[in-house]
Each structure stands twice: as structure tokens, then as C-alpha cells.
Amino acid sequence: MKGLLIVLAAVLAAQAREMPADSLDLASFLQRAWQTAESPVAARHVLAAALDARRQAAARRAPVLGFDLATGWVSRTQELDIPGRSISFGDGRTVDAALAASWTLYAGGALRAGEVAAAAQAVVRDQELMADSLRLAGELRVAWLEAMVAQAAWEATALSLGRLQRHHEELGRRRAAGLGGEEAELLAESRLLTVRQEEERRRGAMTVARLELGSLCGSPGRAVVPRGDLGPSWLDPGLPPIRPAALGALDARLSVAGAVEAERAAALRPRLEAGAAWHLARPGVDPITNEWMDYGSAQLRLRWTLWDHGLGRLRRSEAAWERRALEQRLAEAERRQVARLAAVLELRRSEELALDQAARRVQVEERRLELVESRWREGMATEREWLDAADDARQARLEEILGAARLRLAENQLRLAKGR
């Protein structure tokens, strides 16, 4: 059984490698990955539940109409003995069908406060959905960026590998013509093997990153090739910053806490309820005749808790403390948001300057390699000098790629800090 599973896994892996890879730009990747993500769907379900709870709170303020049907039997009934006869009040069997309406006329503001709390809770869920969506978009951009960096790093290494291979072949021809020694050829071969190892590792990292993109798009085992480059900025200067959804959720939570405090304060006040019903019953209001009859009823009920050992006031105090705690958390979150935005702006500025320097260094190292190669061909530079110059050019190109990636990451953080 174990051997069969191993063979099956190998076949599936081979099929996954043979499947053509999709090529997606960032916008297409985000759209496809968003459609397959499960967390936003779950958050939308939570929001739908919160909206239903808000409608429930509004429905509690409206009258309620219901139907009651009851039947019963008692073994003895009241009897009245008079001269010459005995009167029995019914036969012990009762049936009552009633269409009843009830309405809370006054609850001290508790119903209104409950409705406000439910509406604010729906806003909390909506803001949390926006925050989750924003966080997911940031994570997806980072995954796409990692795949782009892995691809660019492999391309840079492959370019350097091709250059070293051509150089090694030229050394072989020179040695065959008696113009070079074995030591120079072995040194170039050693450097060539080193770069081949690096190229293979970067190829593996690129493949893994592409498979991760495929998994995020809902196709595990299928690679997605990122299309584009690291040059374009991820920022849209035309979009103004908005209040982050995480702060919006705290705002709504504070509204919920205030409404809960008001609801518990209202519980200390009297409550007035009205009710009316239309009955069809046997024996109804005349147990002597013991026949079916219809009749109406109405009532008013006043309820007021006069003493509960301070329970109501303690519950109100508990809600007030929770509201004050949320006020402090919101103030702290706002301070952190301001500090985060300032830090991310500075980080982006420094990464932008560093990328400019890295691009300049690539130009310098490529030019230096050309000059060293020219001197080497004229016999005025050693083999090690040429190899060192080639390594410096490759390293400069890799650092430029990483610098562009760091700049895009800083822009991603800036977008999140601006609520985008």
C-alpha cells in the first residue's frame, strides 16, 4: 500500500510538471487569488449574521402577533348547592384558542439602545471584513513580489552563468592553441561550478515561488509565472489616504460599548407592556353554560425592579469600564498609526535612494567588467581579476533586484498604512 502511494504521488508530481504554467500580471493574479480565498467568504458570512442581528433588534420594537391554543382537564370542578339542585361550574375540560398581540410601550430606552448596539456591531463586522481584505491583498502582493524577485535573481544568475561558460570555452580554445595555462582554466571552471550551483538553487526557489502563486490561485501543484517587472511603483498618488479599517472597527466597537452601557442603564427604569387578545374558548368566561364563546381581553403591565442587591448598577458600571478601556485602546491605536505612517514614509524614501545607488552601481560594475575584459584580452589583466569583476557585476545586479523588492515592500506597507 505504501509503495502504491509513492508511485501515485510520483505520477501526480510528473503531471503537475507537465501542466503548462499560467502567466499573470499582478492585477490578474490578485483577482484570481481573491476569488479562491476562503477567509473573505467567512468574514462575509459573519457580516451577514451581524446584519440579521441588527434587523432582529429593530423588530423587537414592533408589536408581536401570535396564536395560542391550550387545552386542559381537572378532576374536580367547583359546585354550588342550592335548594332543590346542584350547579356544576364546567366539566373540568377547557379549550382556549387566542389571537394575541403584545407591545412594549416603554422600556426606558433599552430597545432603542439595543438597536444602536446591533447596528454598530454590524459596522464592526464590516470594518473587520475590510481590514481582512486589506491584509489579504498585502499578503498576496508580497507573494507575487517574492516570485518576481526569485525569477529576476535566477535570470541574473543565468546571465552570469552564460558569460562564464563562454569565458571558460574561450580559455579552452586558448589552451589548445598554447596561449594559456591549466591553472587559469581550472580557476574559471571552479568559479563556473560555483555559479551553476547558485543558478540551480535560484531555479528551485523560483519554481517553489511559482507553485505558491498557483496554490493561492486555487490550483495546487500548478505553477503561475508572474508577468511584469519590479520597476513600476505600487502607489497611486491620485488616491487620498483613508482611515484604516482596523481603526474604523475600534470606532464601531466604542459605539457598541456606549450603546450597551445605555441599554444597561435603561434596565434600571420601569417597563410598560400592553397586550390584547381575541379568544375562542370553552367554557370561556361562563363556566356554568360550558359552551364555546368568543370574547376579547386587554391588559397593561408595569414592571420595575426596586431592589436587586445592586446587580443592575454593577452591570452598568461594568459596561462603563469597558467603554473607557476601548477609548484608551483607540487612542493608542491612533498614535501607533501616526507613528507607523511616518516610519513607512521614511522607509520608502530611504529605499528609493538606495535603489538609485544600486542601479548606478550596476552601471559602474558592468563598465568595469568591460574594461577588465579588454585588458585581459590584451594580456594586461589576470584571470582572477576578470572573474572577480564578473562576480562583482553579478552581485551588483542581485542587489539592485533586492533593492527594488525592498522598495516595493515599503510601498506595500505604505498602502496598508493609508488603508489602500
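Note that this is a predicted model, so its numbers are computed, not measured.

Moving on to the overall build of the protein chain. Along the backbone of the protein chain there are eight helices and eight strands. Its C-alpha atoms give the protein chain a radius of gyration of 39 Å, clearly above 22 Å, the size a compact globule of 420 residues would have. Overall, the protein chain is about 150 × 60 × 40 Å in size when its C-alpha atoms are taken along their principal axes. Counting the 420 residues in the protein chain, one finds 34% classified as buried. Taking contacts inside the protein chain between residues at least 6 apart in sequence as the whole, the part at least 24 apart equals 79%. Approximately 25,500 Å² of the protein chain is accessible, and the part contributed by carbon and sulfur atoms is 56%. Seen as two clouds, the 61 positive and the 59 negative side-chain charges of the protein chain have centres 3 Å apart.

Applying the stated criterion across every chain yields a total of zero aromatic pairs. Above the plane of the ring of W321 lies R324, whose end atom (NZ or CZ) is 4.8 Å from the centre.

Turning our eyes to something else, we now look at the pairing of strand 5 (residues 93–106). Where strand 2 (residues 64–73) lies against strand 5, 10 bridges are found, and the strand directions are antiparallel. Paired with W73 across the two strands is R93, which belongs to strand 5.

Now for the packing of helix 5 (residues 182–216) against helix 8 (residues 383–417). The interhelical angle for the contact between helix 5 and helix 8, taken along N-to-C directions, is 15°, at an axis separation of 10 Å. With respect to helix 8, the element helix 5 is oriented roughly parallel. Between helix 5 and helix 8 the crossing geometry is right-handed. Touching A184, L187, A188, R191, V195, E198 and R202 of helix 5 are E383, R384, L387, D388, D391, R394 and L398, all from helix 8. Its residues placed into classes, the contact of helix 5 with helix 8 shows six nonpolar, no polar and eight charged.

Geometrically, the link from R282 to P283 is a cis peptide bond, its omega value of 10° lying close to zero. If you check the backbone angles, H309 has positive phi at about 60° while not being a glycine. Assignment of secondary structure puts H309 in the loop between strand 8 (293–303) and helix 7 (311–377).

Here we come to the sheet that holds strand 8. Read across the open sheet, the four strands follow the order 2-5-7-8; overall the sheet is antiparallel. The open sheet has two edge strands, strand 2 and strand 8, and neither has a second partner. Within this sheet the neighbouring strands show an average axis-to-axis angle of 25°, counted without direction. With 11 bridges joining them, strand 5 and strand 7 (residues 271–282) adopt antiparallel strand pairing. Each bridged residue has a counterpart across the sheet, and for A100 the counterpart in strand 7 is A277.

Grouped together as the largest cluster of nonpolar side chains are 30 residues, with contacts concentrated most on F29, W144, L145, V149, L213, L230 and I401. Looking at this core, the elements with two or more residues in it are helix 2 (26–36), helix 4 (110–176), helix 5 and helix 8. Element by element, the count of residues in this core is highest for helix 4, at 12 residues. Excluding residues that lie within four positions of it along the chain, V149 makes contacts with L230, I401, L402 and A405.

Per the counting criterion, the structure on display carries 34 salt bridges. As a salt-bridge pair, E261 and R323 come within 2.6 Å of each other at their nearest N and O atoms. Here E261 is found in helix 6 (residues 245–266), whereas its partner R323 is found in helix 7, with 62 residues between them in sequence. Both residues of the pair, E261 and R323, belong to the buried class. Beyond isolated ion pairs, a larger network of salt bridges with shared partners links R191, E198, R202, D388, D391 and R394.

Along the chain, A281 turns up in strand 7. Here A281 falls in the buried class, since its relative accessible area comes to 3%. Taking the C-alpha atoms as reference points, A281 and Y295, separated by 14 residues in sequence, lie 8.3 Å from one another.

Residues L65, F67, L69, L99 and W278 make up a contiguous nonpolar surface patch of about 620 Å² in total accessible area. Per-element accounting of the nonpolar patch gives the leading share, three residues, to strand 2. Looking at where L69 falls in the secondary structure, it is placed in strand 2.

Here we take up the environment of R32. As for its position among the elements, R32 is in helix 2. If we skip the residues at most four places from it in the chain, R32 touches D22, L24 and C217.

Right, let's talk about the side chain of T157 for a bit. Turning to its location among the elements, T157 is positioned in helix 4. Apart from the residues within four sequence positions on either side, T157 is in contact with V195, E198, E199, R202, R394 and L398.

What follows deals with the pairing of strand 7. With 11 bridges connecting them, strand 7 and strand 8 associate as antiparallel partners. From the neighbouring strand, A276 faces strand 8, where its bridge partner is A298.

What counts as what
Residues numbered from 1 in each chain as written. Predicted model: local features only at pLDDT ≥ 70, side-chain atom pairs only at ≥ 80, totals over all residues. Heavy atoms only, no water. Helix = DSSP H or I, 4+ residues; strand = E, 2+ residues; numbered from the N terminus. Rg over C-alpha atoms; globule rule 2.2 N^0.38 Å. Buried < 20%, exposed > 50% of the residue type's maximum accessible area, 1.4 Å probe, protein only. Contact = heavy atoms within 4.5 Å. Areas by Shrake-Rupley, 256 points an atom, 1.4 Å probe, with all protein chains shown as cover. Lys, Arg positive; Asp, Glu negative; His and termini not counted. Charge placed at Lys NZ, Arg CZ, Asp CG, Glu CD. Phe/Tyr/Trp six-rings, centres within 6.5 Å; stacked < 30°, edge-to-face > 60°. Lys NZ or Arg CZ within 6 Å of the ring centre and 35° of its normal. Pairing = 2+ DSSP bridges. Axes fitted to C-alpha atoms, helices over the stretch in contact; angles between N-to-C directions. Parallel < 35°, antiparallel > 145°, perpendicular 65-115°, else oblique. Left-handed = near helix turned anticlockwise from the far one by under 90°. Nonpolar A, V, L, I, M, F, W, Y, C, P; charged D, E, K, R; others polar. Core = buried A, V, L, I, M, F, W, Y, C linked by side-chain atoms within 4.5 Å. Salt bridge = Lys/Arg side-chain N within 4 Å of Asp/Glu carboxyl O. Patch = residues over 30% accessible without salt bridge, like charges linked within 9 Å, V, L, I, M, F, W, Y side chains within 5 Å.

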